[in-house]
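Residue-level structural notes
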Amino acid sequence: EMAVNITRQLQEKYLVAEHSHLVSHAYGSDRSGQCIAQSALWLVQLGEVEEALQVCDHVLEDLLPKMDLQNVGNSFLMLYPIIWAMKDSGRALEAREAFKKYVLNAFTERLDENGDTCDRPLHYPIMYLLEMQGTGCESQMLPHYIEWAVVEKNGLFGTELNFTMGSGGRTANTITAEICLLLAKHPSTGQLEKVILICKGYEVALDAIHLTEEKNDSRGMIVAYSQIKPIYDELKEMYSTLPPERRSRRLSCRF
């Protein structure tokens, strides 16, 4: 609550046209604007969903259009918290369009195919998840998403990226876990693929739980933990119903 109250004060004083480029020049990206965007997930955590969505609208309508859109890294960090608040409130497709406009398209325009940023591996998984959520997994791309997800290496992210994204409200592996969960639940998914998706989803969800949960010397990543916990619980239940010989050991399903 303290963080939310301080961010409300920041929002009153922050003038995007005046302050954004100055903060970005000093820190590489607009940390003040990102703090405002981050507060959307803090508000969701407090049960203030309506105000959280107001923050999302403020970011999309008032802040991002006035920022340096060539700074794709900043656009990514501005959008990363709010797309999850929007997704969980029935606005996944709107979030997807914003992400496509400010990150995916801008990234392609700014960098050639050999260009890279630390968040680039997340771009397409985010687009996949938002489309699946927004369409109820009725997308014509569903076979492609299944084909992508069952490849063992796809959607597995290192500790550094998971920690960085977890600090932003959702670990990278949580994205993969939710993709696997949605695909495993879809009636058109074949039995073999379903087992692989359950195994993979459970393993990456377990990694996300271990990273974000409260520990003896730390309160953990409270918001990121709340994002993964229901996904993990559902995958754990599905995993427990598999015969022992079909349960994975570090993503290696045995048949």
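Residues numbered from 1 in each chain as written. Predicted model: local features only at pLDDT ≥ 70, side-chain atom pairs only at ≥ 80, totals over all residues. Heavy atoms only, no water.

Attention now goes to unusual backbone geometry. The backbone of Cys-137 sits at a positive phi, close to 60°, despite the residue not being glycine. When you line up the elements, Cys-137 lands in the loop between α7 (123-135) and α8 (142-149). On the basis of relative accessibility, which here comes to 5%, the residue Cys-137 falls in the buried class. (Helix = DSSP H or I, 4+ residues; strand = E, 2+ residues; numbered from the N terminus. Buried < 20%, exposed > 50% of the residue type's maximum accessible area, 1.4 Å probe, protein only.)

Time to look at helix α12 (residues 222-240). Look at α12: 26 Å from first C-alpha to last across 19 residues, which is about the 27 Å you get at 1.5 Å a residue. Its maximal kink placed at Ile-228, α12 deviates by approximately 30°, while the proline Pro-230 follows within four residues. Residues of α12 that are buried include every one of Val-223, Ala-224, Gln-227, Ile-228, Ile-231, Tyr-232, Leu-235, Met-238 and Tyr-239, and no others. The inward-facing, buried residues of α12 contact α3 (31-45), α5 (72-87), α9 (159-167), α10 (172-185) and α11 (191-212). (Expected span 1.5 Å × (residues − 1). Bend = angle between axes of the 7 residues up to and from the residue. Contact = heavy atoms within 4.5 Å.)

Okay, the side chain of Thr-174 next. For Thr-174, the position within the fold is in helix α10. Ignoring sequence-local partners within four residues, the contact set of Thr-174 consists of Ala-208, Gln-227, Ile-228 and Ile-231.

With that settled, the discussion passes to the pattern of salt bridges. The final tally for this structure, using the stated rule, is nine salt bridges. The residue Glu-234 makes a salt bridge to Lys-185 at a minimum N-O spacing of 2.9 Å. With Glu-234 in helix α12 and Lys-185 in helix α10, the pair connects residues that are 49 residues apart, well separated along the chain. Using a relative accessible area of 32% as the deciding quantity, one classes Glu-234 as partly exposed. Across the salt bridge formed by Asp-233 and Lys-229, the nearest N and O atoms sit 2.9 Å from each other. One end of the pair is Asp-233 and the other is Lys-229, both in helix α12 and four residues apart, which spans about a single turn. Salt bridges linked by common partners bring Lys-87, Asp-88, Arg-170 and Glu-178 together as one network. (Salt bridge = Lys/Arg side-chain N within 4 Å of Asp/Glu carboxyl O.)

Limitation: the analysis is restricted to geometry and does not speak to function.
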